[in-house]
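One-letter residues, chain by chain:
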Amino acid sequence: QVQLVESGGDLVQPGGSLRLSCVASGINFSNYRAGWYRQAPGKERELVATISSGIVTTYADSVKGRFTIFRVNAKNTVYLQMSSLKPADTAVYYCTAYVGVDTSTPNYWGQGTQVTVSS
C-alpha cells in the first residue's frame, strides 16, 4: 500500500542544478525518516542524504555543501536539491522511507530516476 514516486531526473551540465521529488502515498510521510540513495554503474549503492521526521539531516561527504534534502509535509513530499553538479554525481537516484522499527534500514523504495551530468 505504501508507494514512493520519484521524478526530476535529467541530463544536466557540470555546475548545473536539479531538484528531485519523492511523493509518498499510503503513509503520512512526515512521521517517518526519509532518504535518498544513488547507484552508479559498477559501483555500490550509496546513501546520499537523510532527513528525520523533524528537520535533522545527514549527508554523504561527497555531496555535503552541494545537496540539500528537505520536505514539504503538506504535500507529503521529500525533495533533493542538487547544485554544483559533477560528472561523478551521475547515477540512478532512489527515494526511501524508513517505516520499520529499525530506522537505520529503509524498507520502502521508489522506482529510481536517472541523473546524468555531462557536457
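Our structure is the block above this text.
Since we're looking at a predicted model, the values are computed, not measured.

**Q** For this particular structure, what's the right way to read the pattern of salt bridges?
**A** Two side chains carrying opposite charge are able to pair once their charged atoms lie near each other. For the structure shown, the criterion picks out four salt bridges. We note a salt bridge from Asp-89 to Arg-66, for which the minimum N-O separation is 2.8 Å. Of this pair, Asp-89 sits in the loop between strand E8 (77–82) and strand E9 (91–98) while Arg-66 sits in the loop between strand E6 (57–59) and strand E7 (67–72), and the two are 23 residues apart along the sequence. Take Asp-89: its relative accessible area is 2%, and that puts it in the buried class.

**Q** It is not clear to me how the state of the cysteines should be interpreted in this structure. Could you clarify?
**A** Note on terminology: disulfide describes a covalent bond linking the sulfur atoms of two cysteines. Under the definition given, this model contains one disulfide. Between the sulfur of Cys-22 and that of Cys-95 lies a disulfide, 2.0 Å long from S to S. Handedness of the Cys-22-Cys-95 disulfide follows from its S-S torsion of about -80°: it is left-handed. In this pair, Cys-22 sits in strand E3 (residues 18–25) while Cys-95 sits in strand E9, placing the two residues 73 residues apart along the sequence. Take Cys-22 and Cys-95: they sit in the same class, and that class is buried.

Conventions we followed
Residues numbered from 1 in each chain as written. Predicted model: local features only at pLDDT ≥ 70, side-chain atom pairs only at ≥ 80, totals over all residues. Heavy atoms only, no water. Salt bridge = Lys/Arg side-chain N within 4 Å of Asp/Glu carboxyl O. Helix = DSSP H or I, 4+ residues; strand = E, 2+ residues; numbered from the N terminus. Buried < 20%, exposed > 50% of the residue type's maximum accessible area, 1.4 Å probe, protein only. Disulfide = S-S within 2.5 Å.

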